[in-house]
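Chain residues, written in single-letter form:
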Amino acid sequence: MDRLSNTVRPYAWGSTTAIPELLGETPTGEPQAEMWLGAHPGAPSRLDRGAGAGEQTLSGLIDADPAAELGAAAVEKFGPRLPFLLKILAAGSPLSLQVHPDLAQAKAGYADEESRGVPIDAPHRNYKDANHKPELICALTPFDGLCGFRAPAEAADLLAGLDVDALKPYVDLLRAHPEEAALREVLTAVLAADPDEMTATVTETAAAAERLGGDYAPYASIARHYPGDPGVIAAMLLNYVRLQPGEALFLGAGVPHAYLNGLGVEIMANSDNVLRCGLTPKHVDVPELLRIVRFEATDPGVLRPEVSASGEEVYDTPIDEFRLSRYALAPGGAPRDLTAATPQILLCTAGEPRANGLALTPGGSVFVPAGEKAELSGTGTVFRATVVV
């Protein structure tokens, strides 16, 4: 078992206080958006196994001996890499409105851009790798987000309530067409509109949302961060969700979503594939986006953990690249044996638990190689990230 040192990413949308407060540190005034735990090449976790080797990256250790670190079954199923990335995510302002491809779409898109010689770091490149990117966000504080399309009739009522003339054609489309066609036509119209005309529409929409408040308050806030952005209108087509601590959302392929505010634990398949559809100055590839998005109204599907006989609280998802659970360790409780044939990352978010005797504090984490003994004791909350083989 190895104690991890992890990198905090300072994206502009990050909270200036949430991660420092969790870690018991003094805020610097700069945004601290995500703390990455894992072997992603962009910011791999670091550890020191002694023997004079000094600090090493987790990705380097896995590359040197994948079977020893990940286990034979995980290597056979996912290849010689850790297939998930775990994060602490702290949104102080809205992230971009985005969609992720499924595995077949990612492979095809990556192969196409490679064959056309699109540089991997080109701002207009859509597919950085050939993997899909399902993800799960579990709230540590009240957490606001957008997830999946509303029913067209509900979206029509929301837009109509603003009483903005420029929105009325969208309202008519949403009420007149079958579900899939209505959502597709309106999102296409919003993203393909004349930029100057859309800026004026968003400005008028934002003013109406500010005036009305209530259900419109989240969109007024979004517009303050992204004035004139067509994503403000697109956001109104989606379900608004507020998670309470311990609740989670699973974001599958083709589901448009955005995180708005709050602190959470996020886990995802190890991929950088994102297609954006607003609330960003970055490239928006409308034709490719429309090919990826699933135009269907969905229940956002708030997840609550299922408690096993051992006390493990599991967030059930339909994919195998990651499995997220948590343990709430009460005073005087018996130690929990977490030994498994798969790799694990254990992350403390509250209290003073111990992992194989190592003291953890909030934000502290360890990597457990496959097959190595892992025991939790003490008090507090620990998230467990592993894979399904």
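Residues numbered from 1 in each chain as written. Predicted model: local features only at pLDDT ≥ 70, side-chain atom pairs only at ≥ 80, totals over all residues. Heavy atoms only, no water.

1. Remarks on helix H7 (residues 168–176)
Each turn of an α-helix holds 3.6 residues, which means side chains three or four residues apart point in the same direction. Taken together, the buried positions of H7 are occupied by Tyr170, Val171 and Leu174. In a view along the axis of H7, the buried residues occupy a sector of 100°, so they form one face of it. Set apart from the buried face of H7 by more than 90 degrees, the exposed residues are Asp172 and Ala176. Here the buried face of H7 lies against helix H6 (152–160), helix H8 (179–192), helix H9 (195–212) and helix H11 (231–235). (Buried < 20%, exposed > 50% of the residue type's maximum accessible area, 1.4 Å probe, protein only. Helix = DSSP H or I, 4+ residues; strand = E, 2+ residues; numbered from the N terminus. Arc of directions from axis to C-beta. Contact = heavy atoms within 4.5 Å.)

2. Let's talk about the UniProt feature "domain: Phosphomannose isomerase type I catalytic" (unreviewed entry) in the protein
The positions UniProt marks with the feature "domain: Phosphomannose isomerase type I catalytic" (unreviewed entry) are residues 3–150. Secondary structure over residues 3–150 splits into 26% helix and 25% strand, and the C-alpha atoms at its two ends are 43 Å apart. (UniProt positions renumbered as here; feature names shortened; annotations may be inferred.)

3. Notes on the pairing of strand E21 (residues 375–386)
Where strand E16 (residues 323–329) lies against E21, seven bridges are found, and the strand directions are antiparallel. The residue of E21 that forms the bridge with Leu329 is Gly380. Strand direction decides the pairing type here: strand E17 (residues 336–337) and E21, joined by two bridges, are antiparallel. Within E21, the residue paired with Arg336 across the bridge is Leu376. Here strand E18 (residues 344–355) runs beside E21; their pairing, made up of ten bridges, is antiparallel. (Pairing = 2+ DSSP bridges.)

4. Considering the UniProt feature "binding site: Zn(2+)" (unreviewed entry) in the protein
Residues annotated in UniProt with the feature "binding site: Zn(2+)" (unreviewed entry) correspond here to Gln98, His100, Glu135 and His257. Across 160 residues of sequence, these annotated residues stay compact in space, with a maximum C-alpha separation of 12.3 Å. For Gln98, the location among the structural elements is in strand E7 (residues 98–99). A relative accessible area of 12% places Gln98 in the buried class.

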